[in-house]
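# Reading the structure
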Amino acid sequence: WLKQSQRFGATSQPLAVLSDPTMRVLACTTLFQLSLAARSDADKNRPVTKVINLLKDMVKQLEKEAEEDEEVYNKVACWCQTNDKDKTRSIADAEDRINKLVNKIEEETASSSRLNTEIKNLEVEVEKN
């Protein structure tokens, strides 16, 4: 590198190397890359960058949890629909049975009253005889 710069008439001083246009571009490019590297390191350590990264991680986590919640919701919704149909049918059957039992109680109460009346009449007849 030094021999090449001396060939173009530069001295051995470092600033003299910058008189060559190719070397100047190379030096500028290197400085630019170093400044970008330093800046990206500095950006990684900035509190705002940390917060942004935390928020990005939270978004990923929320999306994952949303997918899991959707699966659970679908299972529960299916169970609710099935359970609702079964319970509605069971309630209708129980109400029908209640109505039948109420009618049966009324019939048996009437029969009991009739039989009690017959028993009293027969007791009166037995006393007469």
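Residues numbered from 1 in each chain as written. Predicted model: local features only at pLDDT ≥ 70, side-chain atom pairs only at ≥ 80, totals over all residues. Heavy atoms only, no water.

What follows covers the overall build of the protein chain. Looking only at helices and strands, one finds 4 helices and 0 strands in the protein chain. Written out in order from the N terminus, the α and β elements of the protein chain read α-α-α-α. Carbon and sulfur atoms make up 59% of the accessible area of the protein chain, which amounts to about 11800 Å² in all. (Helix = DSSP H or I, 4+ residues; strand = E, 2+ residues; numbered from the N terminus. Areas by Shrake-Rupley, 256 points an atom, 1.4 Å probe, with all protein chains shown as cover.)

All right, on to a negative patch on the surface then. A surface patch of negative charge is lined by Glu63, Glu65, Glu67, Glu68, Asp69, Glu70 and Glu71. In this fold, Asp69 is placed in helix H4 (residues 47–128). (Patch = residues over 30% accessible without salt bridge, like charges linked within 9 Å, V, L, I, M, F, W, Y side chains within 5 Å. Salt bridge = Lys/Arg side-chain N within 4 Å of Asp/Glu carboxyl O. Lys, Arg positive; Asp, Glu negative; His and termini not counted. Charge placed at Lys NZ, Arg CZ, Asp CG, Glu CD.)

This next bit is on the state of the cysteines. Under the criterion given, the structure shown has 0 disulfides. Free of any disulfide, Cys78 has its nearest neighbouring cysteine sulfur in Cys80, separated by 9.3 Å. (Disulfide = S-S within 2.5 Å.)

Further remarks concern the pattern of salt bridges. Counted under the stated rule, the structure contains 4 salt bridges. Across the pair Arg114 and Glu118 runs a salt bridge whose closest N-O atoms are separated by 3.0 Å. With a gap of 4 residues between them, Arg114 and Glu118 both fall in helix H4, about one helical turn apart. What makes Arg114 partly exposed here is its relative accessible area of 45%. Accessibility expressed as a relative area gives 38% for Glu118, which makes it partly exposed. (Buried < 20%, exposed > 50% of the residue type's maximum accessible area, 1.4 Å probe, protein only.)

Here we come to the confidence of the model for the protein chain. Put simply, the protein chain has an average pLDDT of 80, and 69% of its residues get 70 or more. Within the protein chain, helix H1 (residues 2–7) has the poorest average pLDDT of any element, 49, and H4 the best, 91. (pLDDT = per-residue confidence, 0-100.)

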